[in-house]
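Close look at the chain arrangement
Listed here are the chains, written in short residue letters.
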Amino acid sequence: MNALSEATVAALIVLGALFVLLGSIGLARLPDFLTRLHGPTKATTLGVGALLLASAIFFSSCENGGISLHELAILFFLFISAPVTAHLLAKAALHRQAMVDDGRRRVRARKECQKGP
């Protein structure tokens with residue numbers, strides 16, 4: 001393994017760890033569900049992607065010289081599935097919030113009808 005690939009692997013590991021840390025802090029500190037959803041889907045996905053890319057470079061340069069496809073397959077499925085999952089979670093949260101708001105409106109309307117003119 002040459003110095004350039006070692007430096008690239010080290011930089012990707014540090015960058016990935018920083019992104020994962022940032023995503024975890026965002027998950028813990030942001031105020032509501034929809035803003036908390038950004039931490040894991042954006043920063044953590046990039047962090048895990050950088051770690052997987054570092055692993056692919058490391059194992060590609062250590063073994064027979066071939067490209068390590070296992071990490072690249074995981075990286076591909078991560079980048080395809082994370083936005084879809086985040087979209088479905090956001091749609092479910094919006095749907096649930098709409099149901100809660102609609103229920104509150106119905107309760108208010110019943111109370112107003114019971115008060116009468």
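One can find the structure itself at the top, above this paragraph.
Everything quoted here is computed from the prediction, not taken from an experiment.

Position of serine 60 relative to the elements: it lies in helix α3 (residues 38–62). According to the relative accessible area criterion, serine 60 is buried, its value standing at 15%. One polar contact links the side chain of serine 60 to the main-chain carbonyl oxygen of alanine 56, over a distance of 2.7 Å.

Let us now look at the packing of helix α1 (residues 3–29) against α3. Here α1 crosses α3 at 160°, and the two axes come no closer than 7 Å. Accordingly, the angle class assigned to the pair α1 and α3 is roughly antiparallel. In terms of crossing hand, the pair formed by α1 and α3 is left-handed. Looking at the contact of α1 with α3 residue by residue, the classes come out as 17 nonpolar, 9 polar and no charged.

On to the packing of aromatic side chains. Under the criterion given, the structure shown has 2 aromatic pairs. Between phenylalanine 58 and phenylalanine 59 the ring centres are 5.1 Å apart and the planes differ by 80°, which places this aromatic pair in the edge-to-face class. By relative accessible area, phenylalanine 58 is classed as partly exposed at 33%. A ring pair is formed by phenylalanine 76 and phenylalanine 77, whose centres lie 5.5 Å apart and whose planes are at 65°; its orientation type is edge-to-face.

Relative to the 36 Å expected for 25 residues at 1.5 Å per residue, α3 spans 35 Å between its end C-alpha atoms, a close match to the ideal helical length. At threonine 44, α3 is deflected by roughly 35°, the largest bend along its length.

The rules behind these values
- Residues numbered from 1 in each chain as written.
- Predicted model: local features only at pLDDT ≥ 70, side-chain atom pairs only at ≥ 80, totals over all residues.
- Heavy atoms only, no water.
- Helix = DSSP H or I, 4+ residues; strand = E, 2+ residues; numbered from the N terminus.
- Buried < 20%, exposed > 50% of the residue type's maximum accessible area, 1.4 Å probe, protein only.
- Polar contact = N/O pair within 3.5 Å; in protein donor to acceptor, adjacent residues only side chain to side chain.
- Axes fitted to C-alpha atoms, helices over the stretch in contact; angles between N-to-C directions.
- Parallel < 35°, antiparallel > 145°, perpendicular 65-115°, else oblique.
- Left-handed = near helix turned anticlockwise from the far one by under 90°.
- Nonpolar A, V, L, I, M, F, W, Y, C, P; charged D, E, K, R; others polar.
- Phe/Tyr/Trp six-rings, centres within 6.5 Å; stacked < 30°, edge-to-face > 60°.
- Expected span 1.5 Å × (residues − 1).
- Bend = angle between axes of the 7 residues up to and from the residue.

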